[in-house]
Amino acid sequence: QVQLVESGGGLVQVGGSLRLSCAASRRTFNNYAMGWFRQAPGKERDIVAAISLGGGSTYYGASVEGRFTISRDYVNNVYLQMNNLKVEDTAVYYCAASARWDDILKGEPAYWGQGTQVTVSS
């Protein structure tokens, strides 16, 4: 079992930055690929970014590539640095973990966090 707790969401103006953090159960963290997903009102949950268990591979959704950066430390945290935020980035952001990289990319991770709200105002 992996517990995930997100933090760092909030209200920011267009063009601003936020850094999301996700704290995972330390005992199993390094065995899992990690990802960030988001869900806006009335829309499906979509992948934002993912990072492999060793950190050597990353993936970004087309709408965030070049603006967002995913990273992980080797304690128990994964981060999402979000720059040049747009109104359309407004959503609840979820951290996710899975032992299989492909499950993250397919949007079918084994574990989800509770989510953190990001609101970008114009």
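This report concerns the structure included in the present document.

Analysis parameters
- Residues numbered from 1 in each chain as written.
- Predicted model: local features only at pLDDT ≥ 70, side-chain atom pairs only at ≥ 80, totals over all residues.
- Heavy atoms only, no water.
- 1 Å grid on protein atoms, 1.4 Å probe; cavity = no way out; pocket = protein on both sides within 12 Å on 5 of 7 lines; lining within 4 Å.
- Points joined across faces, edges and corners; volume = space filled by probe spheres on them.
- Helix = DSSP H or I, 4+ residues; strand = E, 2+ residues; numbered from the N terminus.
- Buried < 20%, exposed > 50% of the residue type's maximum accessible area, 1.4 Å probe, protein only.
- Contact = heavy atoms within 4.5 Å.
- Polar contact = N/O pair within 3.5 Å; in protein donor to acceptor, adjacent residues only side chain to side chain.
- Disulfide = S-S within 2.5 Å.

With that settled, consider the layout of surface pockets. If you add up the space inside the largest pocket, you get close to 210 Å³. R38, K43, D46, S63 and E88 are, among the 16 residues lining the largest pocket, the residues nearest its centre. Residue assignment for the lining of the largest pocket shows that the elements contributing at least two residues are β4 (33-39) and β5 (46-51). Here the lining of the largest pocket takes three residues from β5, the largest share from any one element.

Unlike most non-glycine residues, N84 shows phi in positive territory, near 50°. Positionally, N84 belongs in the loop between β8 (77-82) and β9 (91-98). Overall, the relative accessible area of 43% leaves N84 in the partly exposed class.

What follows covers the side chain of S98. Structurally, S98 is set in strand β9. A relative accessible area of 2% means that S98 is categorised as buried. What S98 contacts, discounting residues up to four positions off in sequence, is Y32, A33, D103, I104, P109 and A110.

So, on to the environment of N83. Considering the arrangement of structural elements, one finds N83 in the loop between β8 and β9. A relative accessible area of 30% places N83 in the partly exposed class. With sequence-adjacent residues up to four places away left out, N83 is seen in contact with G16, S17, R67 and F68. A polar contact is formed between the side chain of N83 and the side chain of S17, at a distance of 2.9 Å. For N83, the side chain forms a polar contact with the side chain of Q81, separated by 2.9 Å.

Turning to the environment of L80, a few remarks are in order. Tracing the backbone shows L80 in strand β8. Spatially, the C-alpha atoms of L80 and L53 are 16 Å apart, while their sequence positions differ by 27 residues. Once residues within four sequence positions are removed from consideration, L80 is found in contact with L18, R19, L20, W36, V48, A49, F68, T69, I70 and Y93.

All right, on to the state of the cysteines then. By definition, a disulfide links the sulfur atoms of two cysteines through a covalent bond. A complete count under the given rule lists one disulfide for this structure. Across the disulfide, C22 is cross-linked to C95 (sulfur-sulfur distance 2.1 Å). Because the torsion about its S-S bond is -80°, the bridge between C22 and C95 counts as left-handed. Pair noted here: C22 is in strand β3 (residues 18-24) and C95 is in strand β9, with a separation of 73 residues, a long-range link. Residue C22 shares its accessibility class with C95, and that shared class is buried.

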